[in-house]
Amino acid sequence: MFQSKTPLLLLLVNLLAVNAQTNLSFAKNWPFGKPVSVKFDTASPTSNDYIGIYYHTKDDSLTANPFDNYDTLFWAYTSTKTQEWDEEIEKSEGKILFNGVDPSEQGEIYWPMNPRMYKVCFMREGDVDGTETGTLLGECKVLRIKMNKNKKKKVAKKAVVRAKKPEYQVGDEVNVFFKLPFKVANSWVGIYDIKNLDDSITWLYTGCNNVVGDQVDSEGCVATKKKGKLNFNAITNGDKWPLKADTYTLRVNVYNNYPYELYKQAEETFEVKE
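Residues numbered from 1 in each chain as written. Predicted model: local features only at pLDDT ≥ 70, side-chain atom pairs only at ≥ 80, totals over all residues. Heavy atoms only, no water.

Draft legend 1. Fine view of the overall build of the chain. In terms of helices and strands, the chain carries 3 helices and 18 strands. With the principal axes as the frame, the chain shows a C-alpha extent of 75 × 40 × 30 Å. Per-residue burial over the chain gives 44% buried out of 274 residues. A sequence separation of at least 24 residues applies to 68% of the contacts in the chain between residues at least 6 apart. Put simply, the chain shows about 14,700 Å² of open surface, and 48% of that area lies on carbon and sulfur atoms. Distance between charge centroids for the chain: 14 Å, based on 36 positive and 36 negative side chains. (Helix = DSSP H or I, 4+ residues; strand = E, 2+ residues; numbered from the N terminus. Buried < 20%, exposed > 50% of the residue type's maximum accessible area, 1.4 Å probe, protein only. Contact = heavy atoms within 4.5 Å. Areas by Shrake-Rupley, 256 points an atom, 1.4 Å probe, with all protein chains shown as cover. Lys, Arg positive; Asp, Glu negative; His and termini not counted. Charge placed at Lys NZ, Arg CZ, Asp CG, Glu CD.)

Draft legend 2. Local environment of the environment of Val120. On the secondary structure map, Val120 appears in strand β7 (residues 116–128). Taking relative accessible area as the criterion, Val120 reaches 0% and is therefore assigned buried. Put simply, Val120 and Val38 are 82 residues apart on the chain and 8.6 Å apart in space, counted from C-alpha to C-alpha. Every residue in contact with Val120, bar those within four places of it in the chain, is listed here: Leu24, Phe26, Val38, Ile51, Gly52, Ile53, Cys140, Lys141 and Leu143.

Draft legend 3. The state of the cysteines, seen in detail. Enumeration according to the criterion identifies 2 disulfides in this entry. Counting its disulfide-bonded cysteines in sequence order, the chain shows a connectivity of 1-2, 3-4. (Disulfide = S-S within 2.5 Å.)

Draft legend 4. Representation of the pattern of salt bridges in the model. One pass over the structure, following the stated rule, counts 4 salt bridges. Measuring nitrogen to oxygen at the nearest pair gives 2.6 Å for the salt bridge that ties Arg124 to Asp49. In this pair, Arg124 is assigned in strand β7 and Asp49 in strand β4 (residues 49–55), connecting sequence segments 75 residues apart. The burial state of Arg124 is the same as that of Asp49; both residues are buried. Residue Glu167 is joined to Lys273 by a salt bridge in which the shortest nitrogen-to-oxygen separation is 3.3 Å. Of this pair, Glu167 sits in strand β11 (residues 167–169) while Lys273 is found in strand β18 (residues 270–273), placing the two residues 106 residues apart along the sequence. Residue classification places Lys273 among the partly exposed positions, given a relative accessible area of 34%. By sharing partners, the salt bridges in this structure join Asp193, Lys195 and Asp246 into a single network. (Salt bridge = Lys/Arg side-chain N within 4 Å of Asp/Glu carboxyl O.)

Draft legend 5. Main features of empty space enclosed by the protein. For the structure on display, the rule yields 2 cavities of 30 Å³ or more. Computed from the structure, the largest cavity encloses a volume of approximately 60 Å³. Forming the walls of the largest cavity are Gly100, Gln106, Tyr110, Trp111, Asn186, Tyr205, Ser218, Gly220, Cys221, Val222 and Asn256. Looking at side-chain class alone, the lining of the largest cavity contains 5 nonpolar, 6 polar and no charged residues. The space that makes up the second largest cavity amounts to roughly 30 Å³. Every residue along the wall of the second largest cavity is listed here: Tyr168, Gln169, Gly171, Asp172, Val174, Trp241, Pro242, Leu243 and Val272. Per-class residue counts for the lining of the second largest cavity are 6 nonpolar, 2 polar and 1 charged. (1 Å grid on protein atoms, 1.4 Å probe; cavity = no way out; pocket = protein on both sides within 12 Å on 5 of 7 lines; lining within 4 Å. Points joined across faces, edges and corners; volume = space filled by probe spheres on them. Nonpolar A, V, L, I, M, F, W, Y, C, P; charged D, E, K, R; others polar.)

Draft legend 6. Here's a closer look at the environment of Ala43. When you line up the elements, Ala43 lands in the loop between β3 (36–42) and β4. The spatial distance from the C-alpha of Ala43 to the C-alpha of Gln21 is 5.7 Å, given a sequence separation of 22 residues.

Draft legend 7. Representation of the sheet that holds strand β6 (residues 93–98). The 3 strands are arranged β1-β3-β6 in an open sheet whose pairing can be described as antiparallel. Edge positions in the sheet fall to β1 (22–25) and β6, since each has one partner strand and no second. Between one strand axis and the next, the sheet turns by 20 degrees as a mean value, whatever way the strands run. Judged from the 4 bridges that link them, β1 and β3 form a sheet pairing that is antiparallel. (Pairing = 2+ DSSP bridges. Axes fitted to C-alpha atoms, helices over the stretch in contact; angles between N-to-C directions.)

Draft legend 8. Region of interest: the packing of aromatic side chains. Across all of its chains, the model carries 13 aromatic pairs by this definition. One aromatic cluster is present, built from ring pairs that chain together Trp188, Trp203, Tyr205, Tyr258 and Tyr260. Stacked on the ring of Tyr118, the Lys or Arg Arg116 has its end atom at 5.7 Å from the ring centre. Sitting over the face of the ring of Phe182, Lys151 holds its NZ or CZ atom 4.8 Å from the ring centroid. (Phe/Tyr/Trp six-rings, centres within 6.5 Å; stacked < 30°, edge-to-face > 60°. Lys NZ or Arg CZ within 6 Å of the ring centre and 35° of its normal.)

Right, here's the structure in full:
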């Protein structure tokens, strides 16, 4: 952790100097699901510097420190380009790629980020009497994740999800077919009770056919498939299996963070019987 015994006035002067010499650069608009590349440079680097991504609205300030009031959604040290800290490394410039691939940059949400407005901030980690602090260096910059309207329409028109059979016995494996109009990491199929469509009972990644993914740190699934088959059973779904006797539906979900607004629901339900 960064610790300093520098007099407060001198520290403030130093921070003002750093703020004037700290820069972030990236494209303001990024397509949903594509890796976000952030370039940085600073005249006074430390091993405690990191790039953080936060929620942003049009009424928010880009000069206010986000540390105390916002969840850090994704972050990585500028020194190592990961979340691993090394006090001996300082980087005055470089590029960080946020992409959901290990080593993970994941914070409070999952990859990929939902379409909306975010802010990217150059931060410096510190420590005051054992309490972690974060100082904003310079000004945050707006990042917009955008979903092409045509892609949304294609999900509504062309995506498919269905159970292989209309009826199963309690304990049976449930085989599911899915098809999406485009590939995206961490898309998933959920099984829902038709009486409660707000929360899935159990689910599987479309690209990995499991819930632990192919990334150790984040348990995300960067493998992608436009179509395929999934096997819901005691092995892939663990303590969420078996399904009790009831009527269920399926959804193939494009977004991996709430609100899960982009999905296609199965046209037909399936039953599980005793």
